[in-house]
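Coordinates in review
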Amino acid sequence: MHRLLPLLPAVPLLGAGLLVAGGRHLPRPVAEAFGCLAAATTAALAIVLLPHSSPALVEWVGGWFPKGGESVGIVLIGDGPSLGMAALVSLLTLAALAYSWHYFDEPPRGHAGTFPALILLFQGGMCGFAVAGDLFNAFVFFELMSAVAYALTGYRIDEAKAVQGALSFALVNSLGAYFMLMGIALLYARTGELAMAKIAEGLNAAAGHHGPDALTLTAFVLVLTGLLVKSAAVPFQFWLPDAHAVAPTPVCMLLSGVMVELGVYGVWRVYGTVFSGPGGLPAADVTRTLVVLGVLTGAVGAVMCWYQRHIKRLLAFSTIAHTGLFLIAVGVLKAEADDGAALYILGHAGVKAALFACAGILLDRYGTVDEFSLHGRARHLRGVGATFAVAGLALAGLPPFGTGLGKAVSEEAVGAPLTVVYVAASALTGAAVLRVAARVFLGFGPRPEEREGEEREEDKTSGADEEPETRQRLVRVPRTMGTVPAVLLAAALAVGVVPGFAGLVGHAVDEAGTWGVFSSVHWTATGVLLDLLSTLLAVGLALVAVTRPGLLSAPEWALPLRRLQSGHVGDYVAWLLVGTTLLGALALPAVLR
Amino acid sequence: MGSESAVTAVTHVLPYLVAAYVFLVGCYGLATSRNLIHAVGCLAVCQSATYVLLLAVGYRDGGTAPVFSDIRPGSRPVVDPVVQALTLTDVVVGATVTALLLALTVQIAKRHGTVDPDELRELRG
Amino acid sequence: MNPRARLWLVVLGGGGLAALLVAACLRLPAFGGPWHPYGDRAVRAALARHIANTIASVNFDQRAFDTMGEMTILFAAVLGCVVLLRQARDEHRDPPEPCEVAAPVRRYALVVLPIALVTGLYVIAHGQLSPGGGFQGGVVAATALHLMYLGADYAALERIRPVEAFEIGDALSASAYLVLGFAGVLAGGAFLANTLLPYGTFNTLSSGGTVPLLNAAIGMEVASAVVVLLARFLDQAVEIEEGSGS
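First things first, this report covers the structure right here in the doc.

Conventions used here
Residues numbered from 1 in each chain as written. Chains lettered and ligands numbered in written order. Predicted model: local features only at pLDDT ≥ 70, side-chain atom pairs only at ≥ 80, totals over all residues. Core = buried A, V, L, I, M, F, W, Y, C linked by C-beta atoms within 7 Å. Buried ≥ 20, exposed ≤ 12 C-beta atoms within 10 Å, placed from the backbone. Helix = DSSP H or I, 4+ residues; strand = E, 2+ residues; numbered from the N terminus. Contact = placed C-beta atoms within 7 Å. Expected span 1.5 Å × (residues − 1). Nonpolar A, V, L, I, M, F, W, Y, C, P; charged D, E, K, R; others polar. Axes fitted to C-alpha atoms, helices over the stretch in contact; angles between N-to-C directions. Parallel < 35°, antiparallel > 145°, perpendicular 65-115°, else oblique. Left-handed = near helix turned anticlockwise from the far one by under 90°.

**Focus: the nonpolar core**
One finds A:Leu92, A:Val148, A:Ala151, A:Ala329, A:Val573 and B:Leu100 to be the most contacted residues of the largest nonpolar core, which totals 372 residues. No other element matches the 21 residues that helix H6 (residues 160-191) of chain A contributes to this core. When sequence neighbours within four positions are dropped, the list of residues in contact with A:Val573 reads A:Val172, A:Leu175, B:Cys27, B:Leu30 and B:Ala31.

Set out below in structure tokens:
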């Protein structure tokens, strides 16, 4: 079975190659069906491999098996989390392709198959990153998914916002990748190895009894910077709303649903495999670093999410808030918290992709994603409205959705003080989505007014007057576009209710983790109560916001926070540098002992 | 003797420090750039720092290229071939990403009529 | 943020980063040291498979999976540029006007073109023997064609490089690399296993098993990719005009 691991990236990549070579003379439905077939084959491959992942599948590409414990080849790891991520990536890719089926306007003309080919390349990059067991190989696939994502984000070149957002995304993420490469070079110099497990051995041998030194610390900070830029942790997060607000909807589903989470997965993988030994970083310092960043990310994401009126941007900030929660769970370095994060990521992928899919329908139907100007206009889109509202509740953590289960399990593991962050962030992001649902699909409350007095720069990013992504405005919602969000939401529900599924996920994550502990994952009374609390808070906040808009309108103290999101790539780079320094400062006690 | 060992100490780290300096200069340029084409260039500078660091890490005193078509294997020390392969990968990655960035810059120049990041007025708040 | 505030952030963040990097540099093994375990193993593995250029062995055999990713990034960037540099809705194409080229320039370009092209192909073909290989040779071969632009004009260049054919060539050679990888699995071995062909005689063109084939696929891919990339950018500069005229 391990022989098949390299095919996880290779199948979609070959699909893309063939699609570009032969696609231009194919009719569009054939090209799209071929794209779906390649994505589905990869998904099937990942799901077939999953039951064989205990003990983990290990493959040396090219047959370079280690001799005497040493190899010159590249190792791939097929354990529960890596294959699970590959499966999630592939299924979500399939959903995105189905959503864009036939309706998504796909220039350039005469190049049928270009869009599905790019999506397949994106899938290949993400699958390759998920199964990488070699640090440089992980960097290569990291760059592949980034490069494709830049092109996909700027896909609609006729829009000024799209190209600007794509360039900010590309500059910041590429810089982050070079930080990571500098870190890899330092680790190679110290250990003479590139396979993650061998680097860890080398670090342990070099550290002896002294523990980590400045080189280990710097390498850790540099590699982490690259991964945290991808996972949009504060203060590396600025590129994400800009990119998500402008990318085509099927691309947003993938960016928010899995690509950002792969950054968190990368943090988990790299810390667990490379830096968790005696030569790596002590657990207390890593926890301090990741939890501080996670709390900041959750808070900034949730507050910014609440003050958006551009619906796609609002969803983007909610992704930031949730990434913060995943980071906290990964950061406390406990088996149970890892399980919670895994379930939360699975549930969140379905919910967030469904929300973006609904926002895309609004865009294609009305040519705007502005909460204010859409007030009451989507009353007759009942199915879409119901999906959107239920997804909002699920985002807030309504049991028995997978998001609720993941949240409950994480809360149990991280302890009481951090639970406050979970409840607050999920309630606030859920409330923002419910507020939009009540206004747009039900027409509740007074029509929101533009701010009186002078118009501020921050209010111009409203999402009004956007170009639909379909060839012309939709008159009725095509069946594929309506079904995909419902299916995604059902999948998020299944994560929480299918008996035994959560236990399987938890077992697979614990087995792959470094803690050597197995925890049982299930619903608890406290967890359900906390989930209900955040859901009720979300509903309450949304109701107040809709009926008494004055009470919860943007206070002056939130303005400086919004001003930081300046759209200026130089600012983003400056914050990236500050973030690296912050990481270094937070982890510094590791070398002072 | 003292000054001699100081000189060796400097030559033992100087190439690494050059890489660090090039990286920092690239970051500074990227953050303060007034022109997006210049910013893309600064990113390439940051990337050059990774080449310098990788190749410096792989150097061996008195080493030659690890190509044995004209030297007998084992007759001379050779530098680390792995970092050279990594650098080649890095060069290709950098060139392609630069192409994508410049393509986006071309479109920004057309849609916004400027390549000065200070004058791009979208995506705030 | 105003430039002054940004500068303060850069000084703060850059200062911290500088401290980290310098501290790490001081702890690195001394420059030029003899300890390169992976490199030594790579040299032995290359010689065992009769490959004279160790770097080619690392790229196309030992770490061929990295090269697969790298090649795909190039392929993706070409596809991305085709998408990003397409003709926008409010643009039209103007056929480029023929222009005069000074006679010495024309003579020089036309003489050098075949030489450069052959050099590129030579560098590709000798990838596993001497410095160079598919990536380097591919770029030389692709740029050789563009001497036609200098020596004649844009129309002449367009005649000798039908972009559509090169786009298909790019995709086919990328697919060929992947198919060679799949061949290893189909033959019952590992993905990208270099066990399908005999390793041949050391220091000859046919040595190294599948390495020359993978190298050739990369050479084709890079040459086609660079031609398409340059074509897209030249199109923007020469042909595509703003305003939806004629």
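Having put the structure on the table, let's press on.
**A few points about helix H14 (residues 382-396) of chain A**
Residue and element names in this part refer to chain A. Over its 15 residues, H14 extends 21 Å from the first C-alpha to the last, a length consistent with the 21 Å expected when each residue adds 1.5 Å. By the burial criterion, the buried members of H14 are Val384, Thr387, Phe388, Val390, Ala391, Gly392, Leu393, Ala394, Leu395 and Ala396. On the buried face of H14, the contacting elements are helix H12 (311-331), helix H13 (335-366), helix H15 (402-414), helix H16 (416-442), helix H17 (479-497) and helix H19 (525-547).

**Side note on the interface of chain C and chain A**
The interface is formed by 59 residues belonging to chain C together with 65 residues belonging to chain A. Residue assignment for the side of chain C that touches chain A shows that the elements contributing at least two residues are helix H1 (3-27), helix H2 (37-48), helix H3 (54-62), helix H4 (64-84) and helix H9 (163-186) of chain C. When residues of the side of chain C that touches chain A are assigned to their parent elements, the largest contribution, 14 residues, is made by H4(C). Per-class residue counts for the side of chain C that touches chain A are 37 nonpolar, 13 polar and 9 charged.

**Topic: H12(A)**
Residue and element names in this part refer to chain A. Along its 21 residues, H12 runs 30 Å from first to last C-alpha, staying within 8% of the 30 Å computed at 1.5 Å per residue. Most of H12 is tucked away, with 21 of its 21 residues classed as buried. In the stretch just after H12, Leu333 is the one whose phi turns positive, near 55°.

**Regarding the packing of H13(A) against helix H18 (residues 501-512) of chain A**
All names here are of chain A. Axis separation between H13 and H18 bottoms out at 9 Å; the angle between their running directions is 125°. Considering the angle they form, H13 stands oblique to H18. Crossing geometry of H13 relative to H18 is assigned as right-handed. The segment H13 lies against H18, with Ala335, Asp338, Asp339, Ala342 and Leu343 engaging Ala502, Val505, Gly506, Val509 and Asp510. Classifying every residue of the contact of H13 with H18 gives 6 nonpolar, 1 polar and 3 charged.

**Topic: the interface of chain B and chain C**
Contact with chain B, which involves 42 residues of that partner, is made by 45 residues of chain C. The set of elements that each furnish at least two residues to the side of chain B that touches chain C consists of helix H1 (2-32), helix H2 (36-58) and helix H3 (81-112) of chain B. Ranked by residue count, the leading element in the side of chain B that touches chain C is H3(B), at 16 residues. For the side of chain B that touches chain C, the residue count by class is 29 nonpolar, 9 polar and 4 charged.

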